[in-house]
Amino acid sequence: MKFGIFYEHQFPRPWADGDEHQLFKDALDQVELADRLGFDRVWEVEHHFLEEYSHSSAPEVFLAAASQRTSRIRLGHGITLLPAAYNHTARVVERINTLDLVSGGRVEFGTGESSSNAELDGFGIDRATKRDQWLDHIEAATRMMVEEPFAGWEGPWLSMPPRNVVPKPLQRPHPPLWVACSQRETIHLAAQKGMGALTFAFVEPGEAEQWIGEYHEIIASETCVPAGFAVNPNVACVLPFMCHEDEETALERGIDGAHFFGYSLAHYYGFGQHRPGATDVHEEFTRNRSRYGFDRDTATQLGGNLRAQMQGNGLLALRGAIGTPDQVRDLLREYEAAGVDQVIFVSQAGRNRHEHICESMELFAREVMGEFAERDPAHVAARDERLADAVAAALARREGPRTVDPDYLIPPPGGEA
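Please read these numbers as outputs of a predicted model, since none were measured by experiment.

> Before we move on, can you summarise a nonpolar patch on the surface with the specific residues and values?
A grouping of Leu101, Val102 and Leu170 is seen on the molecular surface, where their side chains present a nonpolar patch of about 250 Å² in accessible area. With respect to the secondary-structure elements, Val102 resides in helix 3 (residues 89-102).

Listed below in structure tokens is the structure:
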């Protein structure tokens, strides 16, 4: 099993001059440290207007900076928003391909739609059609990466004439494709499209095992028609994370940040009413956390095994991988046994401190990560061998690169030459 780190660039109020600058500097330092320690991926979101929850509106800039501070860690867009009102498909492809070149071929290309009213309404995107828009654009995007020249597109949501979209990526045929998944139906869609599943819901190992079984079954079925020109049969799960030799210290350093992450997510995607520039999400979290299932007392009960969710006194409380190295190791073995390919840790959350995040990563790398890294090549080889015939059959169902009419010309600005 592989391990990644995840960034929303959370920035809870109150805000002071210079704090946001420091937030990004700290994040780049953490990525550089993760690269040295042997973490496999850094994942960066794209969100807009989600104050406090996510100040990551330009992931391509952050990942480009990270690419020049690192040498081996892979750089994941988790995810780029594809409906064209967010980003024109050709511009997304140009940015991904450029990042792949400047990073030496280390990009993971995750995509999605988002579902917050702040973002959808802010960019004028119809909630009812956003999935159809994503389906149209991801099909076009992979062709832009492969076809020389791109043969154009006339879909329901994208119309574009033939153009050679340059540069092309270093990885061939293109960087691995992923899609954001928070529900079972989206996991199924990822499999149907031959894409890796980034499961941003905090799922338990048993639930993950069931989802992964269904995911592999769909890849092996005739319903799998890849969106790209390679299949990426990987499932990644996200967990809150803070590791310390002392359990109480790990909880003190990490549980409030994990709970703010969950609460602020629910604020924008569930129950919250937001006044731009005025609503204090962190203050509301402090008052209302237990009411919405983020109960600190339940989550800080000591002595038990770790879980993504904990139940106590009728309350659910998010905990995840917050604990001692032994506790974290035992939990991760369950995810490994369930067939999870990658666990992505959320440490940059709420008011979690930079130095604590770094200490946690260092301890985990020293005490826990090695055994999983040793077993990972065998896991990957066995999975790929088991799915090899299915992947070949799926790719055979995919229409190959197209050609352009050799007589096609782009006319000069004044019309025909």
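That was the structure; now back to the text.
> Got a sec to walk through the packing of helix 8 (residues 247-271) against helix 9 (residues 281-288)? Specific residues and values, please.
Two packed helices can be described by the angle between their axes and the distance between those axes. Where helix 8 contacts helix 9, the two axes come as close as 10 Å, and the packing angle between them is 110 degrees. By the angle between their axes, helix 8 is roughly perpendicular relative to helix 9. Contacts between helix 8 and helix 9 pair Asp256, His259, Phe260, Tyr263, Ser264, His267 and Tyr268 from the former with Val281, His282, Glu284, Phe285 and Asn288 from the latter. Looking at the contact of helix 8 with helix 9, its residues break down into five nonpolar, five polar and two charged.

> I'd like a description of the packing of aromatic side chains, backed by residues and values.
The geometry of an aromatic ring pair is captured by the separation of the ring centres together with the interplanar angle, meaning the angle of the planes. The full count for this structure, using the stated rule, is 24 aromatic pairs. Between the aromatic rings of Phe49 and Phe123, the centroid separation amounts to 5.4 Å while the plane-to-plane angle is 25 degrees, which identifies the pairing as stacked. Linking Phe49 in the loop between strand 2 (41-44) and helix 2 (59-67) with Phe123 in helix 4 (residues 117-123), this pair joins segments that are 74 residues apart in sequence. Exposure remark for Phe49: the relative accessible area of 47% places this residue in the partly exposed category. On the accessibility criterion, Phe123 (26% relative accessible area) is partly exposed. Considering the side-chain rings of Phe241 and Phe345, the 4.0 Å spacing of their centres and the 15 degrees angle between planes classify their relative orientation as stacked. With a gap of 104 residues between them, Phe241 in strand 9 (residues 235-243) and Phe345 in strand 13 (residues 342-346) connect regions that are remote in the sequence. With relative accessibility at 2%, the residue Phe241 sits in the buried group. Grouping aromatic residues by their ring pairs yields a cluster made of Phe3, Phe39, Phe241, Phe345, Phe364 and Phe372. Here Arg375 stacks its cationic end above the ring of Phe372, 5.1 Å away from the centre of that ring. The ring of Phe229 is capped by Arg398, whose NZ or CZ atom sits 4.5 Å from the centre of that ring.

> I'd like a description of the environment of Phe200, backed by residues and values.
Topologically, Phe200 is positioned in the loop between strand 8 (196-199) and helix 7 (205-219). In this structure Phe200 comes out as partly exposed when scored by relative accessible area, which is 22%. For the pair Phe200 and Ser182, spaced 18 residues apart in sequence, the C-alpha to C-alpha distance is 5.4 Å. Not counting residues up to four positions away in its chain, the partners in contact with Phe200 are Phe6, Gly78, Ile79, Ala180, Cys181 and Val238.

> Any details on the side chain of Glu46? Residues and values, ideally.
Inspection of the secondary structure assignment puts Glu46 in the loop between strand 2 and helix 2. Buried and unpaired, Glu46 has no salt bridge, with Arg95 as the nearest side chain of opposite charge at 5.2 Å. There is a polar contact of 2.7 Å between the side chain of Glu46 and the side chain of His48. If we skip the residues at most four places from it in the chain, Glu46 touches Ser56, Ser57, Pro59, Ile79, Thr80, Leu81, Asn87 and Glu119.

> So what about the pairing of strand 1 (residues 2-7)? Which residues, and what values?
Counting buried positions along strand 1 yields five of six residues, so the element is predominantly enclosed. The pairing of strand 1 with strand 13 spans four bridges and is classified as parallel. By the bridge assignment, Phe3 is partnered in strand 13 with Val343. Pairing of strand 1 with strand 2, which is carried by four bridges, proceeds in the parallel orientation. When the bridges of strand 2 are listed, Phe6 appears paired with Trp43.

> An account of helix 5 (residues 130-146) is needed here, citing residue identities and associated values.
Over its 17 residues, helix 5 extends 25 Å from the first C-alpha to the last, a length consistent with the 24 Å expected when each residue adds 1.5 Å. Counting buried positions along helix 5 gives 13 out of 17 residues, so the element sits mostly inside the fold.

> For unusual backbone geometry, give the residues involved together with the corresponding values.
For the peptide bond that leads from Glu148 to Pro149, omega is 0 degrees, which places it in the cis range. Within the secondary structure, Pro149 sits in the loop between helix 5 and strand 5 (153-154). Here the amide bond leading from Arg172 into Pro173 is cis, since omega sits at 5 degrees, within 30 degrees of zero. Checked against the element boundaries, Pro173 lands in the loop between strand 6 (159-160) and strand 7 (177-181). Its identity is not glycine, yet Ser114 carries a phi of approximately 70 degrees, on the positive side. Looking at where Ser114 falls in the secondary structure, it is placed in the loop between strand 4 (107-112) and helix 4.

> Which residues make up the environment of Leu177, and what values go with them?
Inspection of the secondary structure puts Leu177 in strand 7. A residue is classified by how much of its surface remains accessible, and Leu177, at 2% relative accessible area, is buried. Remark: the alpha-carbon pair of Leu177 and Ala197, spanning 20 residues in sequence, is separated by 9.0 Å. When residues no more than four places from it in sequence are discounted, the contact partners of Leu177 are Phe109, Thr142, Met195, Gly196, Ala227, Gly228 and Asn232.

> Lay out the layout of surface pockets with the relevant residues and their values.
There is about 1100 Å³ of room inside the largest pocket. Along its surface, the largest pocket is lined by 37 residues, and Ser115, Ser182, Phe200, Leu265 and Tyr269 are the ones closest to its centre. Put simply, the parts of the chain that give the lining of the largest pocket at least two residues each are strand 3 (74-81), helix 5, strand 7, helix 6 (184-192), helix 8 and strand 11 (315-318). Broken down by element, the lining of the largest pocket gets its largest block of residues, five residues, from helix 8. Tallied by class, residues from the lining of the largest pocket come to 20 nonpolar, eleven polar and six charged. Its volume calculated, the second largest pocket comes out at about 320 Å³. What lines the second largest pocket is a set of 16 residues, among which Phe11, Asp19, Leu23, Asp26 and Asn352 lie closest to the centre. Of all the elements in the fold, those that place two or more residues in the lining of the second largest pocket are helix 1 (19-37) and helix 12 (354-367). It is helix 1 that contributes the most residues to the lining of the second largest pocket, five residues altogether. For the lining of the second largest pocket, the per-class residue count stands at five nonpolar, seven polar and four charged.

What counts and what doesn't
- Residues numbered from 1 in each chain as written.
- Predicted model: local features only at pLDDT ≥ 70, side-chain atom pairs only at ≥ 80, totals over all residues.
- Heavy atoms only, no water.
- Patch = residues over 30% accessible without salt bridge, like charges linked within 9 Å, V, L, I, M, F, W, Y side chains within 5 Å.
- Areas by Shrake-Rupley, 256 points an atom, 1.4 Å probe, with all protein chains shown as cover.
- Salt bridge = Lys/Arg side-chain N within 4 Å of Asp/Glu carboxyl O.
- Helix = DSSP H or I, 4+ residues; strand = E, 2+ residues; numbered from the N terminus.
- Axes fitted to C-alpha atoms, helices over the stretch in contact; angles between N-to-C directions.
- Parallel < 35°, antiparallel > 145°, perpendicular 65-115°, else oblique.
- Contact = heavy atoms within 4.5 Å.
- Nonpolar A, V, L, I, M, F, W, Y, C, P; charged D, E, K, R; others polar.
- Phe/Tyr/Trp six-rings, centres within 6.5 Å; stacked < 30°, edge-to-face > 60°.
- Buried < 20%, exposed > 50% of the residue type's maximum accessible area, 1.4 Å probe, protein only.
- Lys NZ or Arg CZ within 6 Å of the ring centre and 35° of its normal.
- Lys, Arg positive; Asp, Glu negative; His and termini not counted.
- Polar contact = N/O pair within 3.5 Å; in protein donor to acceptor, adjacent residues only side chain to side chain.
- Pairing = 2+ DSSP bridges.
- Expected span 1.5 Å × (residues − 1).
- 1 Å grid on protein atoms, 1.4 Å probe; cavity = no way out; pocket = protein on both sides within 12 Å on 5 of 7 lines; lining within 4 Å.
- Points joined across faces, edges and corners; volume = space filled by probe spheres on them.

Fair warning: the whole summary comes from geometry, so function is off the table for now.
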